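# Breakdown of the fold
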Amino acid sequence: MLEGLANSLQRALAKLKAKGKLTEEDVQEAMREVRLALLAADVNVKVVKDFVERVRARAIGQEVQQSLTPGQQVVKIVYEELTELMGGSQTRLRMAPHPPTVVMMVGLQGSGKTTTTAKLALSFRRHQHRPLMVAADVYRPAAIRQLEVLGRQIDVPVFSLGEGEDPVRIAEAGVAEARRMGADVVLIDTAGRTHVDEALMQELERMQAQVHPDEVLLVVDAMMGQDAVHVAEAFHTRLGVTGVVLTKLDSDTRGGAALTIRAVTGCPIKFVGMGEKIEPLEAFHPDRLASRILG
Ligand code: GDP
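Just so it is clear, the model here is predicted, and its values are computed rather than measured.

## Focus: the nonpolar core
Grouped together as the largest cluster of nonpolar side chains are 99 residues, with contacts concentrated most on L82, I188, F235 and L259. What L259 contacts, discounting residues up to four positions off in sequence, is L5, L38, V43, V47, L82, L85, M86 and I293.

If you want it as structure tokens, here you go:
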């Protein structure tokens, strides 16, 4: 995961770790390499600039810790700033005080929305919840059937009204059905488009106004790099996204989205998608990813 970035950052910092004493030039040189490594990973230019500036300022005026060499201290600062960049600590889902908790899953077609909906449903089921999945993706051919198949596979009920229905009506009816059957979490798989467009946003806004979701989770494909960040900004502006699920982190992605989305949009990454198989969704831990990247 993010191997290119991990290798180049570790290489940039290895030289510092080896030194007993650091000059300001040593730090400058390492920061130049850190900057290049982040840019090569497709991290937003401004995010990189601010990041390197913060590390440099702390590294040069660094507080002395007896247990660490100056080089190790710089590595620690990079680790802390990387963690902070990705959101600090884990951000959990907001659950409704009076069930059912309603979660709208939004995102572009192909981002992994349907797969992620099933993974999240499975996570809830494993934690003794009673989820219901609602198939409101009426535009992508076979999306409804895909969700029904996944539902059977993980033993989670699926509510649908078919492809000819208004997605907002499906969502409303789905929440009503959850109440009737005593489901405590409703996961609405909304329609995506191949790109952000006005019709999609209006439909999602109408749905949001009707079902009052506790969470609006945006599913984005990490392989999209900076484009994922633009997609996140567009959805967040219109819907007030409460959390991001970054999918395909198992693939050969450079890492730009993971490192930039939080800083640019302010939306926390709550989960990551790590494969095509339906397994419980993995919570996103910024500190763990930072330590994997830094080795
Ligand atoms: P939707 O159009 O957004 O509902 O997308 P789908 O859920 O149908 O997923 C699109 C493709 O991405 C499918 O082939 C999924 O198996 C794949 N996919 C989804 N999540 C992941 C992930 O975390 N990792 C990988 N490698 N593939 C994924």
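Read on for the rest.
## Description of the pattern of salt bridges
Summed over all chains, the structure comprises 23 salt bridges. Between R169 and E165 there is a salt bridge, and its shortest N-O distance comes to 3.0 Å. Taking relative accessible area as the criterion, R169 reaches 42% and is therefore assigned partly exposed. According to the relative accessible area criterion, E165 is partly exposed, its value standing at 25%.

## Some details on the environment of V196
Summarising the element assignment, V196 is placed in the loop between β4 (185–190) and α8 (198–211). With 35 residues separating them along the chain, V196 and V231 place their C-alpha atoms 7.0 Å apart. Other than its neighbours up to four places away in sequence, V196 contacts L108, M201, V231, A234 and F235.

## Re unusual backbone geometry
Look at the link from P99 to P100: it is a cis peptide, with omega at 5 degrees. Tracing the sequence through the fold places P100 in the loop between α4 (70–85) and β1 (101–107). For Q128, which is not glycine, the phi dihedral falls at a positive 65 degrees. Here Q128 is to be found in the loop between α5 (113–126) and β2 (131–136). Even without being a glycine, H212 presents a positive backbone phi close to 45 degrees. Note on placement: H212 falls in the loop between α8 and β5 (215–221).

## Quick word on the sheet that holds β4
Neighbouring strands of a sheet are bound in pairs by backbone hydrogen bonds; such pairs are parallel or else antiparallel. Overall, mixed pairing links the 8 strands, which are arranged β3-β2-β4-β1-β5-β6-β7-β8 in an open sheet. If you trace the sheet from one side to the other, it starts and ends with β3 (158–159) and β8 (282–283), each paired once. As paired elements, β5 and strand β6 (residues 243–247) share 5 bridges and run parallel to each other. Of the residues in β6, the one forming a bridge with L217 is G243. Sheet contacts for helix α7 (residues 167–181): β1, β2, β3 and β4; angle to β2, the most-contacted strand, approximately 160 degrees. Sheet contacts for α8: β1, β2, β4 and β5; angle to β1, the most-contacted strand, approximately 175 degrees.

## Section: the site of the ligand
Surrounding the ligand, one finds 18 residues, the nearest of these being G110, K113, T114, T115 and D250. Within the backbone of M274, one N or O atom sits 3.4 Å away from an oxygen atom of the ligand. Here the ligand has 580 Å² of accessible area as a free molecule, and 82% of this is covered by the chains. At 4 residues, the largest contribution of residues to the shell around the ligand is made by α5. Looking at the shell around the ligand, its residues break down into 2 nonpolar, 10 polar and 6 charged.

What counts as what
- Residues numbered from 1 in each chain as written.
- Predicted model: local features only at pLDDT ≥ 70, side-chain atom pairs only at ≥ 80, totals over all residues.
- Heavy atoms only, no water.
- Core = buried A, V, L, I, M, F, W, Y, C linked by side-chain atoms within 4.5 Å.
- Buried < 20%, exposed > 50% of the residue type's maximum accessible area, 1.4 Å probe, protein only.
- Contact = heavy atoms within 4.5 Å.
- Salt bridge = Lys/Arg side-chain N within 4 Å of Asp/Glu carboxyl O.
- Helix = DSSP H or I, 4+ residues; strand = E, 2+ residues; numbered from the N terminus.
- Pairing = 2+ DSSP bridges.
- Axes fitted to C-alpha atoms, helices over the stretch in contact; angles between N-to-C directions.
- Near = heavy atom within 4 Å.
- Polar contact = N/O pair within 3.5 Å; in protein donor to acceptor, adjacent residues only side chain to side chain.
- Areas by Shrake-Rupley, 256 points an atom, 1.4 Å probe, with all protein chains shown as cover.
- Nonpolar A, V, L, I, M, F, W, Y, C, P; charged D, E, K, R; others polar.

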